[in-house]
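What the coordinates show
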Amino acid sequence: MNVDLKIAQEATLEPIEDIAAKLGIAPEALIPYGKNKAKVQWETVRRLRSDPKAHLVLVTAISPTPAGEGKTTTSIGLCDGMRSLGVNAALALREPSLGPVFGVKGGAAGGGHAQVVPMEELNLHFTGDIHAVTTAHNLLAALLDNHIFQGNQLHIDLNNITWKRVLDMNDRQLRAVRSGVGGGNKGVERDDGFDITAASEVMAVLCLADDLMDLKRRLGDIVVAYDT
């Protein structure tokens, strides 16, 4: 069998409007990103998920086999199988982290004939949402450290800060670091670290939120540190 990349590149992609039509989504409900990608406006998502005939099936916690079949490949295979049986099914996957970009790990877009295309675009920034999560998360980290630098009126315990920074790369070397080194205007020195963006609490909140106000409420409830 051909390698995953060759299979993906040889696939004939349908216009995203045609894909949406099969799911009952009108063209005006789409926010297009080229010919083959689009976001769906929130009002349409809300309408579709209120359908009493709709069901959500969650696939999680699958350890990959030696051949590499894991959550994504299995999920795509299940969705393909359901559609072949006449079920109007759609699959929701988290955007892959940037680790796969240079081929150093699996592409997180499935494998063989059970993968998401266009694979290269999916693995290289996609629609940019994961970068927005990274920026939002790190903005909060910067605000926290700036508060400490400016006098720490909230008496935040430097040894009890739970909010790490994030990076869209699984870089083991950055999991535990010492930040603010150098004194002066370079910040307050303390133990710090980086998580991968996909594991960010901002990412989790974004996935759980029902609407914009719920998103704001959940973001406001995040615990970032404890005081002395």
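Residues numbered from 1 in each chain as written. Predicted model: local features only at pLDDT ≥ 70, side-chain atom pairs only at ≥ 80, totals over all residues. Heavy atoms only, no water.

On a plain count of helices and strands, the chain comes out with eight helices and ten strands. Structurally, the chain occupies a C-alpha span of about 60 × 40 × 30 Å along its principal axes. Every one of the 228 residues in the chain was classed for burial, and the buried ones make up 28%. Counting only contacts in the chain whose residues sit at least 6 apart along the sequence, the fraction spanning at least 24 positions is 55%. On the chain, roughly 15000 Å² of surface is accessible, and the fraction owed to carbon and sulfur atoms is 57%. Side-chain charges in the chain split into 23 positive and 28 negative, and the spacing between the mean points of these groups amounts to 0 Å. (Helix = DSSP H or I, 4+ residues; strand = E, 2+ residues; numbered from the N terminus. Buried < 20%, exposed > 50% of the residue type's maximum accessible area, 1.4 Å probe, protein only. Contact = heavy atoms within 4.5 Å. Areas by Shrake-Rupley, 256 points an atom, 1.4 Å probe, with all protein chains shown as cover. Lys, Arg positive; Asp, Glu negative; His and termini not counted. Charge placed at Lys NZ, Arg CZ, Asp CG, Glu CD.)

On to helix α6 (residues 129–149). For the α-helix, the turn length of 3.6 residues means that residues three or four positions removed from each other point alike. Counted at 1.5 Å a residue, the expected span for α6 with its 21 residues is 30 Å, and the 30 Å between its end C-alpha atoms agrees. Residues of α6 that are buried include every one of Ile-130, Val-133, Thr-134, His-137, Ala-141, Leu-144, Asp-145 and Ile-148, and no others. Take α6 and look down its axis: the buried residues cluster within an arc of 100°, on one side only. Seen from the open side of α6, the exposed residues pointing more than 90 degrees away from its buried face are Thr-135, Leu-139 and Leu-143. Where the residues of α6 are buried, they touch β5 (156–161), β6 (165–167), β8 (190–192) and α7 (201–208). Positive phi appears at Gly-151, one or two residues downstream of α6, with a value of about 130°. (Expected span 1.5 Å × (residues − 1). Arc of directions from axis to C-beta.)

Inspection of the secondary structure assignment puts Thr-127 in the loop between α5 (119–123) and α6. What makes Thr-127 buried here is its relative accessible area of 17%. Those residues within four positions of Thr-127 in sequence are excluded, and the remaining contacts are Tyr-33 and Lys-39.

All right, on to the packing of α7 against helix α8 (residues 212–220) then. At a closest axis distance of 9 Å, the pairing of α7 and α8 adopts a crossing angle of 150°. In terms of orientation, α7 and α8 fall into the roughly antiparallel class. Note that α7 runs across α8; the crossing there is right-handed. Contacts between α7 and α8 involve Val-202, Val-205, Leu-206 and Leu-208 from the first element and Asp-214, Leu-215, Arg-218 and Leu-219 from the second. (Axes fitted to C-alpha atoms, helices over the stretch in contact; angles between N-to-C directions. Parallel < 35°, antiparallel > 145°, perpendicular 65-115°, else oblique. Left-handed = near helix turned anticlockwise from the far one by under 90°.)

Moving on: the nonpolar core. Formed by 16 residues in total, the largest nonpolar core has its most connected members in Leu-144, Ile-156, Ile-161, Trp-163, Ile-222, Val-224 and Ala-225. Listed by contribution, the elements that provide at least two residues to this core are α6, β5 and α7. Element by element, the count of residues in this core is highest for α6, at five residues. Core analysis: the second largest hydrophobic core is formed by five residues, Ala-20, Ile-25, Ala-29 and Leu-30 among them. (Core = buried A, V, L, I, M, F, W, Y, C linked by side-chain atoms within 4.5 Å.)

Turning our attention to the confidence of the model for the chain. The predicted coordinates ought not to be read in detail in places where the model reports low pLDDT. Here the chain averages 88 in pLDDT, and 94% of its residues register 70 or above. No element of the chain has a lower mean pLDDT than strand β3 (residues 110–111), at 80, and none a higher one than strand β10 (residues 225–227), at 98. (pLDDT = per-residue confidence, 0-100.)

Looking now at the environment of Leu-13. Note that Leu-13 resides in the loop between α1 (4–10) and α2 (16–22). Residues Leu-13 and Gly-220, spaced 207 residues apart in sequence, show a C-alpha to C-alpha distance of 41 Å. Not counting residues within four places of it along the chain, the set of residues in contact with Leu-13 comprises Asn-36, Val-117 and Pro-118.

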